[in-house]
Amino acid sequence: MNVLGIESSCDETGVALVRMQGDAVPVLRAHALYSQIQMHQAYGGVVPELASRDHIRRVLPLTRQVLAEAEATLADVDVVAYTRGPGLAGALLVGAGVACALAAALDRPVLGVHHLEGHLLSPFLSADAPTFPFVALLVSGGHTQLMRVEAVGRYELLGETIDDAAGEAFDKSAKLMGLGYPGGPALSRLAATGRADAFALPRPLLHSGNLDFSFAGLKTAVLTQHRRLGAEPTAEQIADLAASTQAAIVEVLVKKSLAAMRATGLTRLVVSGGVGANSELRRQLNAAAQRRGLRVHYPELDLCTDNGAMIAMAAAMRLQSGAAEASKDYAFDVRPRWPLS
Ligand code: KG4
Ligand code: ZN
């Protein structure tokens, strides 16, 4: 059975085809992605209306590309899955509308998928797939959550950010350092050349005794340090500030993840979402896991940020586990705000 997945919740159009066979972990046949980053860069952030219009332009060419790469045709598509939320309403409507129209034309069922469930299950697309149960650290541009995952569809929220997400902390810090949008990857590249102990930045809620996060104060501290550097800071100073910012974010993410492992007694950690691509986060989590006899799983680097493969995969795993059923009801809605647990 083949599941076509369409992702359009923000500034990436992603399409993928996943094959489901019995109880085996579903397999990715092909995926294609178009990132709108360049278009939004001029504005310093995502412009929702431009995002929606661009999804319209990209989604069908990407679908053709995926089918060609998988050496399949539309007739081979058994279920059409799409991101139902959370995300930008207009952008979500494009993916949902196209998915439901396509499914109606093919007389196939549709399934709306939660974007965060896509991220959460994306490590199952990697060669080193995890097994249930595990603790999930979900770190994207809009979310920072620790979850206990028993099985597909059984998610218990252990802690989350009370203000900004980790990706937002990367992006906002990068923006005020003049590193453009999205700043996470740029800040992390620069951080590799700087000193992580150059600036004393806060580790918000590190000793709060719970598994919640807070990153808004960190951004303000970065702003204050940046102002102290004067009108024309040196490249070295900016690299040091980038390294110090990354160190603060990563330390909180690592320590809270380890605290979640202790609290649950579980031995597997699954990291997902855009910030999961951060090499310093991976380095520190791997080192800590090795010391404690824990296993850490990540999505493949190119599947950390938004993509269609994770949506097709989440749909396939929901269908396979019986957590959801696809239906031929083509009257769709989207859910811009939608809690996962
Ligand atoms: O999961 P994602 O693609 O989109 C959302 O669903 O939000 O995550 C995007 C976020 C952005 O904040 C981006 O700056 C961050 O992930 N990001 C990174 C890295 N790559 C992407 N942050 C730190 N280091 C990276 N290497
Ligand atoms: Zn995402």
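Scroll up to find the structure.
Reading the values: the criteria
Residue positions are given per chain, counted from 1 along the sequence in the order it is written. Chain A is the first chain written and ligand 1 is the first ligand written, with later ones labelled in order. Side-chain atom pairs in this predicted model are given and counted only at pLDDT of 80 or more, local residue features only at pLDDT of at least 70, and totals for whole chains, interfaces and linings cover all residues. Hydrogens and waters are ignored; side-chain quantities use all the structure's heavy atoms. A strand pair is defined by DSSP finding two or more bridges across the two strands. Secondary structure elements follow DSSP: runs of H or I of four or more residues count as helices, runs of E of two or more count as strands, with numbering from the N terminus. Under this scheme, a helix contributes an axis fitted over its contacting stretch, all axes are lines through C-alpha atoms, and angles between N-to-C directions fall in the 0 to 180 degree range. Residues count as neighbours in contact if any of their non-hydrogen atoms are within 4.5 Å of one another. In this analysis the probe radius is 1.4 Å and the grid spacing 1 Å, with only protein atoms considered; a cavity is a set of points the probe fits into but cannot get out of, a pocket is an open set with protein on both sides within 12 Å along at least five of seven lines, and lining residues have an atom within 4 Å of a point. Grid points are joined across faces, edges and corners, and a volume is the space filled by probe spheres set on the points. Side-chain classes are defined by residue name, with Ala, Val, Leu, Ile, Met, Phe, Trp, Tyr, Cys and Pro counting as nonpolar, Asp, Glu, Lys and Arg as charged, and the others, Gly among them, as polar. Being near a molecule or strand, for a residue, means having at least one of its heavy atoms within 4 Å of it. In the analysis that follows, any N or O atom pair within 3.5 Å is treated as a polar contact, provided that within protein one partner can donate a hydrogen and the other can accept it, and provided that, for residues neighboring in sequence, both atoms belong to side chains. Each accessible area value is a Shrake-Rupley result obtained with a 1.4 Å probe; residue values ignore everything except the protein chains displayed when judging cover. Salt bridges are counted wherever a side-chain nitrogen of Lys or Arg sits within 4 Å of a carboxyl oxygen of Asp or Glu. When accessible area is computed with a 1.4 Å probe and restricted to protein chains, residues below 20% of their type maximum are described as buried, those above 50% as exposed, and intermediate ones as partly exposed. Each metal site is built from N, O and S donor atoms within 2.8 Å (3.2 Å for Na, K and Ca), and since water is not included, such sites may look incomplete. Each label reflects the angles at the metal, where four donors whose angles all fall between 85 and 135 degrees are tetrahedral, four or six donors whose opposite pairs open beyond 155 degrees and whose other angles stay between 65 and 115 are square planar or octahedral respectively, and the rest are irregular.

What about the sheet that holds strand β5 (residues 110-114)?
Paired through their backbone hydrogen bonds, the strands of a sheet run either parallel or antiparallel. Within the open sheet, the 5 strands sit side by side as β3-β2-β1-β4-β5. Their pairing is mixed. In the strand order of this sheet, the two ends are held by β3 (27-35) and β5, each with one partner. Averaged over all neighbouring strand pairs, the angle between strand axes comes to 20°, with direction disregarded. When strand β1 (residues 2-7) meets strand β4 (residues 79-85), the two strands line up parallel, connected through 4 bridges. Bridge pairing in β4 links Gly5 to Ala81. Helix α2 (residues 48-69) rests against β1, β2 (12-19) and β3 of the sheet, and its axis sits at about 25° to β2.

Quick look at the sheet that holds strand β7 (residues 144-151)
Within the open sheet, the 5 strands sit side by side as β8-β7-β6-β9-β10. Their pairing is mixed. Of all the strands in the sheet, the pair left with one neighbour each is β8 (154-160) and β10 (295-297). Ignoring which end each strand starts from, the neighbouring axes of this sheet average 25° apart. The pairing of β7 with β8 spans 6 bridges and is classified as antiparallel.

Notes on empty space enclosed by the protein
Summed over all chains, the structure comprises 1 cavity of 30 Å³ or more. For the largest cavity, the calculated volume is near 30 Å³. In terms of lining residues, the largest cavity is bounded by Leu258, Met261, Leu269, Leu285, Ala289, Leu294 and Val296. Its residues assigned to classes, the lining of the largest cavity comprises 7 nonpolar, no polar and no charged.

Here we look at the site of ligand 1
Around ligand 1 there are 18 residues in total, and His119, Gly141, Asp171, Gly274 and Asn278 lie nearest to it. A distance of 2.6 Å separates an oxygen atom of ligand 1 from a polar atom in the side chain of Asp171. Residue Asn278 places a side-chain N or O atom 3.0 Å away from a nitrogen atom belonging to ligand 1. Burial of ligand 1 by the surrounding chains reaches 87%, relative to a free accessible area of 550 Å². Of all the secondary-structure elements, those providing two or more residues to the shell around ligand 1 are α4 (115-121), α5 (166-176) and α6 (183-191).

Structural notes on the pattern of salt bridges
Across all of its chains, the model carries 15 salt bridges by this definition. A salt bridge links Asp54 to Arg57, with the shortest nitrogen-to-oxygen separation between them at 3.0 Å. Of this pair, Asp54 and Arg57 both sit in helix α2, 3 residues apart, which is roughly one turn of that helix. On the basis of relative accessible area, Asp54 is assigned to the buried category, the value being 3%. Between Asp164 and Lys172 there is a salt bridge, with the nearest N and O atoms lying 3.3 Å from each other.

Observations regarding the coordination of the zinc ion (ligand 2)
Looking at the metal site, the zinc ion (ligand 2) is ligated by His115 (NE2), His119 (NE2) and Asp306 (OD), spaced 2.0 to 2.1 Å from it. Each of the 4 donor atoms bound to the zinc ion (ligand 2) contributes to angles spanning 95 to 133°, and the resulting shape is tetrahedral. For the zinc ion (ligand 2), the donor residues sit on a single chain with the sequence spacing H-x3-H-x186-D. Residue His115 and its partner His119 are located together in helix α4, separated by 4 residues, close to a single helical turn. Here His115 falls in the buried class, since its relative accessible area comes to 7%.

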